[in-house]
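Structural overview for review
For reference, the chains in residue letters:
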Amino acid sequence: MTPSLIKRRFMDSTSMDNQLRWLSIGLFVLIATLSVLPSLRLLVEALSHTTFSASSPMAEVLRSERTWIALRNSFYTSGLGTLIAVILGCGFGFVVTLTNIRGRGIWVFCFMLPMMIPPQVTALSWLQLFGPASPILNTLGIEPALGSPQPMYSAEGIALLLGIQSAPLVFLALRTQLISLPQDLLEAAQLSRASQFRIWVDIILPLCRSAIIAGAALAFVSSLGNFGIPAMLGIPAGYIVLPTLIYQQMAGFGNDMLSQVAGLSMIIALLVLAGMLLQQWLQQRSCYSLLGHTAQSLSFRLKQWRLPLEILLALVLCFILVAPLFALIVSSLVPALGMPLNADTITFTAFYEMIGRQGVTSRAFENSAFLAFFSALVLMLLSLPLGYLLMRLPMRTRAVIASLIEVPYAIPGIVLAIAFILLFAKPLPFIEVSLYGTLGIIFLAYLSCFLSVCLKPVLSAMSQLDPALEEAAQLAGARPIQRLIDIILPLTAPAFFAGGLLVFLISINELTVSALLWSAGNETLGVLIFNLDESGDSVLASAIAVLVVLLVAGLMSLLSLFAPRLPKGVIPWHG
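Residues numbered from 1 in each chain as written. Predicted model: local features only at pLDDT ≥ 70, side-chain atom pairs only at ≥ 80, totals over all residues. Heavy atoms only, no water.

What follows deals with the overall build of the chain. Of the regular secondary structure elements, the chain holds 23 helices and 0 strands. In the chain, which comprises 575 residues, the proportion classed as buried is 50%. Considering only residue pairs separated by 6 or more positions, the chain has 79% of its internal contacts joining residues 24 or more positions apart. Element-wise, carbon and sulfur atoms account for 67% of the exposed surface of the chain, whose accessible area totals about 26700 Å². (Helix = DSSP H or I, 4+ residues; strand = E, 2+ residues; numbered from the N terminus. Buried < 20%, exposed > 50% of the residue type's maximum accessible area, 1.4 Å probe, protein only. Contact = heavy atoms within 4.5 Å. Areas by Shrake-Rupley, 256 points an atom, 1.4 Å probe, with all protein chains shown as cover.)

Mapped onto the elements of the fold, Thr176 is located in helix α7 (residues 155–179). Owing to a relative accessible area of 58%, Thr176 belongs among the exposed residues under this scheme. For Thr176 and Ala211, which are 35 residues apart along the polypeptide, the C-alpha to C-alpha distance reads 8.1 Å.

Between helix α5 (residues 119–129) and helix α13 (residues 306–332), the least distance of the axes is 8 Å, while the angle of their chain directions is 75 degrees. Judged on the interaxial angle alone, α13 and α5 are roughly perpendicular. Contacts between α5 and α13 involve Val121, Leu124, Ser125, Trp126, Gln128 and Leu129 on the former and, on the latter, Phe319, Ile320, Ala323, Pro324, Leu325, Ala327, Leu328 and Ser331. Split by residue class, the contact of α5 with α13 holds 11 nonpolar, 3 polar and no charged. (Axes fitted to C-alpha atoms, helices over the stretch in contact; angles between N-to-C directions. Parallel < 35°, antiparallel > 145°, perpendicular 65-115°, else oblique. Nonpolar A, V, L, I, M, F, W, Y, C, P; charged D, E, K, R; others polar.)

On to the side chain of Ser507. Tracing the sequence through the fold places Ser507 in helix α20 (residues 480–507). Of the residues examined, Ser507 reaches a relative accessible area of 2% and is grouped as buried. Among the polar contacts made by the side chain of Ser507, one reaches the main-chain carbonyl oxygen of Val503 at a distance of 2.6 Å. When near neighbours in sequence (up to four residues on either side) are disregarded, Ser507 contacts Ala372, Tyr446 and Phe450. (Polar contact = N/O pair within 3.5 Å; in protein donor to acceptor, adjacent residues only side chain to side chain.)

With that out of the way, let us pick up the packing of aromatic side chains. Going through the model one piece at a time under the given rule, you end up with 14 aromatic pairs. Taken together through their ring pairs, the aromatic side chains of Phe92, Phe111 and Phe171 make up a single cluster. (Phe/Tyr/Trp six-rings, centres within 6.5 Å; stacked < 30°, edge-to-face > 60°.)

In this model, the chain carries a mean pLDDT of 79, and residues with pLDDT of at least 70 account for 88%. By mean pLDDT, the top-scoring element of the chain is helix α3 (residues 65–98) (90), and the lowest-scoring one is helix α1 (residues 3–48) (68). (pLDDT = per-residue confidence, 0-100.)

Orientation of helix α16 (residues 395–410) relative to helix α18 (residues 439–462), taken along the N-to-C sense of each, is 125 degrees, at an axis distance of 7 Å. Looking at the two axes, α16 sits oblique to α18. Of the two elements, α16 crosses α18, and the hand of that crossing is left-handed. On α18, the residues touching Ile405, Glu406, Pro408 and Tyr409 of α16 are Ser448, Cys449, Phe450, Leu451, Ser452, Val453, Leu455 and Lys456. A breakdown of the residues in the contact of α16 with α18 according to their chemical character gives 8 nonpolar, 2 polar and 2 charged. (Left-handed = near helix turned anticlockwise from the far one by under 90°.)

This paragraph deals with the pattern of salt bridges. Under the defined criterion, the tally for this structure stands at 4 salt bridges. Note that Arg357 is salt-bridged to Glu353, the shortest N-O span being 3.6 Å. Note that Arg357 and Glu353 are positioned in helix α14 (residues 349–357) at a spacing of 4 residues, about one turn of the helix. Since its relative accessible area comes to 59%, Arg357 is described here as exposed. (Salt bridge = Lys/Arg side-chain N within 4 Å of Asp/Glu carboxyl O.)

Further remarks concern the side chain of Thr244. Note on placement: Thr244 falls in helix α11 (residues 242–249). Using a relative accessible area of 0% as the deciding quantity, one classes Thr244 as buried. Not counting chain neighbours up to four residues away, the residues in contact with Thr244 comprise Phe227, Pro230, Ala231, Ile235 and Tyr239.

Our focus in this paragraph is helix α22 (residues 525–534). Taken across its 10 residues, α22 has 8 buried, putting it largely inside the fold. Within the sequence span of α22, burial applies to Leu525, Gly526, Val527, Leu528, Ile529, Phe530, Leu532 and Asp533. Following α22 by one or two positions, Gly536 has its phi on the positive side, about 90 degrees.

Side chains of Phe370, Phe373, Phe374, Leu377 and Leu381 sit close together on the surface and give an oily, nonpolar patch of about 460 Å² of accessible area. With respect to the element layout, Leu381 can be found in helix α15 (residues 359–390). The class for Leu381 is exposed, based on a relative accessible area of 55%. (Patch = residues over 30% accessible without salt bridge, like charges linked within 9 Å, V, L, I, M, F, W, Y side chains within 5 Å.)

This part takes up the state of the cysteines. Note on terminology: a disulfide is the covalent bond linking the sulfur atoms of two cysteines. Under the defined criterion, the tally for this structure stands at 0 disulfides. Between Cys208, a free cysteine, and Cys90, which holds the nearest cysteine sulfur, the sulfur-to-sulfur gap is 8.6 Å. Cysteine Cys318 shares no disulfide, and the gap to the nearest cysteine sulfur, in Cys110, comes to 9.6 Å. With relative accessibility at 37%, the residue Cys318 sits in the partly exposed group. (Disulfide = S-S within 2.5 Å.)

Next comes the structure, spelled out in structure tokens:
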């Protein structure tokens, strides 16, 4: 090798190191800004005025009777909601995954839909299904008497919707485990003349215990941080939970208001953290290894029971999905609540009013589309180099950084919103520009919250790449950024776009974060529906909600087109 060639190789190597070094520094600063800084700011604010005196903000929060009432209500609704989610999620998981039921993909798609529909739309659809003013009950002539209470304005009503919204989380956790159960176990049990009952009790349930615990913990944590459902069903009835208490406290005044709200947020964050730690501990105690078995999945033939079971699943889906959505559509087609739908009353006035005459609708659509599109675009651009760097880190370091990225998504959205208010309440240093009250603060909060959503499919796809491809390119002299663009990007493109679509799908209807960060002129679709219902314009809110459901279903169908080209598990409703 000549001296000039050695010198050139040395300069190329130095250039590659510099590229990776600067890329790493830039991305890790970004992670610190989006993931770590908001949580630290919240912690500092909660503890900044804490003293041993009885008049400190944290002492006042702990002394307040409303705090303990909200805490007790949160545990009751979240606990009951988790129980409903486990029953629904496990029932669908066992039947759809372990049996020869027909149309499996359609069942899974329909069961996953409630999780993708915004919570405020779910609450609004159920409000239109029951009560004396229900248009669908008036159409059928079975409405309750005027003055009858609305059954959904109750703790049990909140828990029911929390359970329906969280059931897909239990389903997903259980389905992942059920798919990996090998057929060998069933055949061995049948050769030993074990009954179907003994197979379920002695084999399937013990092996799935850790997945059920994981799903239940996810459902409980998700219910604890849910804002849309308790806000629309609990606030009118005076029933408070921790997220709605924070929302109401933000409307108060006083020097200690932010510290008290930060204290309440820390209580929720600690409860969520305790729930996740408890889940991990219980999972470790009930974990079984399935390594060494064949890859053929377990399957039961239903024979004459297949049709009755399909009818039962259809009835359950009609109750939790079809009937509320049908009530929502009917409500959007009548002139006012309480009127029946018939040939004389049917009207599209609500759609015309919201689309053609109300400027706030187009503004909310534009704001939500802008936030969703650019959040998805920026996170896609970040996820590619970030995933590339993470895959080159030692396993333990990668796990720590991935956990830090997960924190903003794991904590309730309302807690994240408080953290961003604290972080950007004052103008930015040096440039003296304030983000508070602008779309910019919502945009940054979305980036922080949804980074892990976009990154997961990319990491999953990169973990399946053959490292020999990149090694060959490196030997040929390709620099890191060139290898990233010419080799990694084309091979991971489906996962890359799927991550972006998932972010777009979730953020287009987001309410919990934007409920505290929006201002006049910066409304989003979630905020628009919530405000219309709060002001009594339920018909107009129903019209917007119908459009939102159509948008969600369309985006989910579009995402399904990518499923055959993606790694298994990237699209939640494709196993």
